[in-house]
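Residue-level listing of the chains:
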Amino acid sequence: MPSPTRSKRFLEIRMPVTRRQRMVSAFGIWAVFFAVWTLAAATGLVNDLLVPSPQKVFSATYDLFAARDFASDVLVSITRVVVAFAMACAVAVPLGVMMGTFASVEAIFAPFVSAWRYLPAPSFIPILLMWFGTGEAPKLALLFIGVIFFLITLIMDHTKNVRKELIETALTLGADRYVVVLKVVFPAALPDIVVAMRQMLAMAWTYLVIAEIVASTTGIGAMMMRARRFLKTDEILAGIIVIGALGLLFDLLFAALHRGLFPYLKEKR
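Residues numbered from 1 in each chain as written. Predicted model: local features only at pLDDT ≥ 70, side-chain atom pairs only at ≥ 80, totals over all residues. Heavy atoms only, no water.

(A) Broad picture of the overall build of the chain. Scanning the chain from terminus to terminus reveals 11 helices and zero strands. Each helix and strand of the chain, ordered N terminal to C terminal, gives the series α-α-α-α-α-α-α-α-α-α-α. What you see for the chain is a C-alpha radius of gyration of 23 Å, clearly larger than the 18 Å of a compact globule of 269 residues, by over 25%. The dimensions of the chain, computed from C-alpha atoms along their principal axes, are 75 × 70 × 30 Å. Residues classed as buried in the chain amount to 35% of the 269 residues present. The long-range share in the chain, meaning contacts at least 24 apart out of those at least 6 apart in sequence, stands at 71%. Accessible surface for the chain amounts to roughly 16,900 Å². Of this, 69% is attributable to carbon and sulfur atoms. Within the chain, one finds 26 positive and 17 negative side-chain charges whose respective centroids are separated by 6 Å. (Helix = DSSP H or I, 4+ residues; strand = E, 2+ residues; numbered from the N terminus. Rg over C-alpha atoms; globule rule 2.2 N^0.38 Å. Buried < 20%, exposed > 50% of the residue type's maximum accessible area, 1.4 Å probe, protein only. Contact = heavy atoms within 4.5 Å. Areas by Shrake-Rupley, 256 points an atom, 1.4 Å probe, with all protein chains shown as cover. Lys, Arg positive; Asp, Glu negative; His and termini not counted. Charge placed at Lys NZ, Arg CZ, Asp CG, Glu CD.)

Here it is, written out as structure tokens:
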């Protein structure tokens with residue numbers, strides 16, 4: 001006699017969920033978050049000056065965009081993140097691939113990179129201001145420092161995970177070292193490199209406000225610091241929400257890029 005089909009439990013180890021369940025869960029958790037926030041503000045559980053209601057925050061967000069040219073600050077911040085992240089990728093991708101491919105290169109750079117990973121990027125602010133002044137350079141440098149060393153390490157680790165059989169086959173067929181790196185190792189590691197870039201882009205957004213609160217008159221962080229001086233908590237929270245929304249948008253764009261570049265990986269999940 002066949003055994004009855006076991007009903008699916010909510011917590012199933014590594015079992016995929018339906019698209020409908022994923023959407024309901026995603027919107028549900030945000031609905032709960034804003035409901036608790038609204039209830040706390042409406043019942044006086046929190047100080048309205050320190051934690052304004054969601055309605056006030058969204059109203060402040062609309063006012064910033066509609067009447068105070070906040071869009072230009074947002075564009076400035078996006079430009080800073082994109083430029084600094086592109087600079088970090090331009091250094092980290094080739095260096096990380098070389099370190100993951102050649103043990104001799106890793107032996108040279110790994111001790112240096114590993115040490116710098118443990119230094120907090122904001123601690124460089126005073127020296128960056130002394131070196132570069134108060135223009136764009138220190139802001140870009142801080143974002144660059146906050147990303148580069150972690151990104152190099154991630155790319156190196158992903159490059160090391162390239163199957164050894166692929167490299168040995170290429171060498172057996174007569175490929176030299178440059179062909180192996182450019183035609184075998186790099187393409188094999190590229191999907192994971194894009195994932196690493198996606199992860200570290202989030203790190204760049206987390207450093208944005210720190211980069212913009214020092215000697216800056218433009219950008220989302222500068223707006224938030226101006227709001228702090230006048231106790232405009234709703235505008236500070238509006239800036240936080242905008243940064244979160246931008247970070248999520250860039251994350252979705254990277255996810256779409258990954259799916260578009262490597263459609264063959266979808267079947268492996």
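(B) Structural detail: the domain arrangement of the chain. Under the domain assignment, the chain is made up of domain 1 (18–46) and domain 2 (54–263). Here domain 1 and domain 2 have C-alpha centroids that lie 30 Å from each other. (Domains from an automatic or database assignment.)

(C) Up close: the nonpolar core. Ranked by size, the top nonpolar core spans 64 residues in total, and within it Phe85, Leu151, Met197, Trp205 and Ile220 carry the most contacts. Setting aside residues no more than four positions away along its own chain, Phe85 makes contact with Val147, Met197, Met200, Leu201 and Phe254. (Core = buried A, V, L, I, M, F, W, Y, C linked by side-chain atoms within 4.5 Å.)

(D) Quick look at helix α11 (residues 233–261). Its 29 residues give α11 an end-to-end C-alpha distance of 42 Å, which sits within 8% of 42 Å, the value for a rise of 1.5 Å per residue. Within α11, burial applies to Thr233, Glu235, Ala238, Gly239, Val242, Ile243, Leu246, Phe250, Phe254, Ala255 and His258. Among the structural elements, α2 (54–67), α3 (70–101), α8 (177–206), α9 (208–212) and α10 (220–229) are those in contact with the buried residues of α11. (Expected span 1.5 Å × (residues − 1).)

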